[in-house]
Amino acid sequence: MSFDKNLFTNKKILIAGAGKGIGLACAAMAAEYGADVIAVARTESDLDKLVARYPERITPWVMDVTSEDFYQKLRELPTLDGLVNNAGINSVGPMEAQSSENIDAVIDLNIRTLYKISQAAITPMKRSKAASIVNMSSQMGFVGSQGRTLYCMSKHAVEGVTKAMAVELADHNIRVNTVAPTFVLTPMTEPMFEDEAFKSFVFNMIPLGRLAKVEDIANSCTFLLSDLASMITGTSIKVDGGWTAR
Ligand SMILES: NC(=O)c1ccc[n+]([C@@H]2O[C@H](COP(=O)([O-])OP(=O)(O)OC[C@H]3O[C@@H](n4cnc5c(N)ncnc54)[C@H](OP(=O)(O)O)[C@@H]3O)[C@@H](O)[C@H]2O)c1
């Protein structure tokens, strides 16, 4: 099963946080369907591997997405058709144990940076005929979960700002949506699944009884980035195997 091979021909798409996990899968899929992909991450060797797979399609930017240099470079792009705000972190633990540093770090990357990247993308996106922003949210943008209140707060904010951006940017034909995954096995989550009790909790919470694959998330991201979703804005695709339906 696949989308049309020319889905993204002549489209420029930037993936913020493209070196590993979900962002890597989104970048690879966009390249597969013909996009010119700007892949952004801080680890050069990760981006080198992606370039080796799609030398014609990937432009690597080894940059920190929280930096003013990055926002400046993004603002100066001649045009931009797609943006995936994927960089995000978690800080798991009880509310009482979260330090101010942890709270600031999660808010800074998951909320403030997403806003700043989107803000910088508006100028080049206004020059696109039809642009799309996908914010990487989580099922935790819809529910609460033990030890995840800080992360839930940040992802609920992602859901909220997505609706607000969709309304504000609609005049420029910039659509804004989220993809909200359940647990996916990535470098971010691998250590969590070493805990057997946690693993069985997660599998019991997902009616489909399995974790999502990075490709499951990239498929929804690809759809929302594409013109197939041209009437869809201000909403979310939950790729959660039914977690939030309980
Ligand atoms: N994995 C899951 O189960 C899951 C579930 C729901 C939602 N999500 C969300 O999906 C997104 C991606 O998660 P993931 O598990 O794929 O994460 P991951 O494996 O940790 O990968 C994150 C990617 O973002 C890059 N990145 C992080 N901070 C950056 C920065 N300041 N500047 C540039 N690049 C940066 C990392 O590269 P460098 O460190 O080299 O920069 C890496 O390539 C997050 O927003 C997360 O909240 C994940």
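Residues numbered from 1 in each chain as written. Predicted model: local features only at pLDDT ≥ 70, side-chain atom pairs only at ≥ 80, totals over all residues. Heavy atoms only, no water.

1. Some remarks on the site of the ligand
Here comes step 1: As a matter of local geometry, the ligand sits amid 28 residues, with Arg42, Thr43, Tyr151, Val184 and Thr186 nearest to it.
Here comes step 2: Between the ligand and the protein, one listed contact pairs an oxygen atom with a side-chain N or O atom of Arg42 at 2.7 Å.
Here comes step 3: Between an oxygen atom of the ligand and a side-chain N or O atom of Tyr151, the distance comes to 2.5 Å.
Here comes step 4: Within the complex, the protein chains bury 92% of what would otherwise be the 880 Å² of accessible surface of the ligand.
Here comes step 5: Judged by the fraction of its atoms near the pocket grid, the ligand is located in the largest pocket.
Here comes step 6: Those elements that place two or more of their residues in the shell around the ligand are helix 1 (21-32) and helix 5 (149-169). (Near = heavy atom within 4 Å. Polar contact = N/O pair within 3.5 Å; in protein donor to acceptor, adjacent residues only side chain to side chain. Areas by Shrake-Rupley, 256 points an atom, 1.4 Å probe, with all protein chains shown as cover. 1 Å grid on protein atoms, 1.4 Å probe; cavity = no way out; pocket = protein on both sides within 12 Å on 5 of 7 lines; lining within 4 Å. Sits in = over half its atoms within 2 Å of the grid points. Helix = DSSP H or I, 4+ residues; strand = E, 2+ residues; numbered from the N terminus.)

2. Section: the packing of helix 3 (residues 68-75) against helix 4 (residues 100-126)
Here comes step 1: Interaxial distance between helix 3 and helix 4 falls to 7 Å at its minimum, and their mutual angle equals 25°. In terms of orientation, helix 3 and helix 4 fall into the roughly parallel class. Considering the relative orientation of helix 3 and helix 4, their crossing is right-handed. For the pair formed by helix 3 and helix 4, the contact residues are Glu68, Phe70, Tyr71, Leu74 and Arg75 on the first element and Thr113, Lys116, Ile117, Ala120, Ala121, Thr123 and Pro124 on the second. (Axes fitted to C-alpha atoms, helices over the stretch in contact; angles between N-to-C directions. Parallel < 35°, antiparallel > 145°, perpendicular 65-115°, else oblique. Left-handed = near helix turned anticlockwise from the far one by under 90°. Contact = heavy atoms within 4.5 Å.)

3. Regarding empty space enclosed by the protein
Here comes step 1: Throughout the structure, instances matching the rule amount to one cavity of 30 Å³ or more.
Here comes step 2: Roughly 60 Å³ of volume is contained in the largest cavity.
Here comes step 3: Per-element accounting of the lining of the largest cavity gives the leading share, five residues, to helix 4.
Here comes step 4: Class assignment of the residues belonging to the lining of the largest cavity gives a composition of six nonpolar, four polar and one charged. (Points joined across faces, edges and corners; volume = space filled by probe spheres on them. Nonpolar A, V, L, I, M, F, W, Y, C, P; charged D, E, K, R; others polar.)

4. Observations concerning helix 7 (residues 214-225)
Here comes step 1: Between its first and last C-alpha, helix 7 extends 16 Å over twelve residues, near the 16 Å set by a 1.5 Å rise per residue.
Here comes step 2: Buried within helix 7 we find Val214, Ile217, Ala218, Ser220, Cys221, Thr222, Leu224 and Leu225.
Here comes step 3: The inward-facing, buried residues of helix 7 contact strand 1 (12-16), helix 1, strand 4 (82-85), strand 5 (131-136), strand 6 (174-181) and strand 7 (236-239). (Expected span 1.5 Å × (residues − 1). Buried < 20%, exposed > 50% of the residue type's maximum accessible area, 1.4 Å probe, protein only.)

5. A word on the layout of surface pockets
It is a probe the size of a water molecule, rolled over the atoms, that shows where empty space is left.
Here comes step 1: Taken as a whole, the largest pocket encloses approximately 910 Å³ of empty space.
Here comes step 2: Looking at the largest pocket, it is lined by 41 residues, and the ones nearest its centre are Asn86, Ala87, Gly88, Ile89 and Met188.
Here comes step 3: Elements represented by at least two residues in the lining of the largest pocket include exactly helix 1, strand 2 (36-41), helix 4 and helix 5.
Here comes step 4: Partitioned by chemical class, the residues of the lining of the largest pocket number 19 nonpolar, 15 polar and seven charged.

6. Overview of the packing of aromatic side chains
Here comes step 1: Under the criterion given, the structure shown has nine aromatic pairs.
Here comes step 2: Considering the side-chain rings of Phe70 and Tyr71, the 5.8 Å spacing of their centres and the 55° angle between planes classify their relative orientation as tilted. Note on accessibility: Phe70 and Tyr71 belong to one class, buried.
Here comes step 3: Ring plane angle 50° and centroid distance 5.5 Å describe the contact between Phe193 and Phe198, whose orientation is recorded as tilted. (Phe/Tyr/Trp six-rings, centres within 6.5 Å; stacked < 30°, edge-to-face > 60°.)

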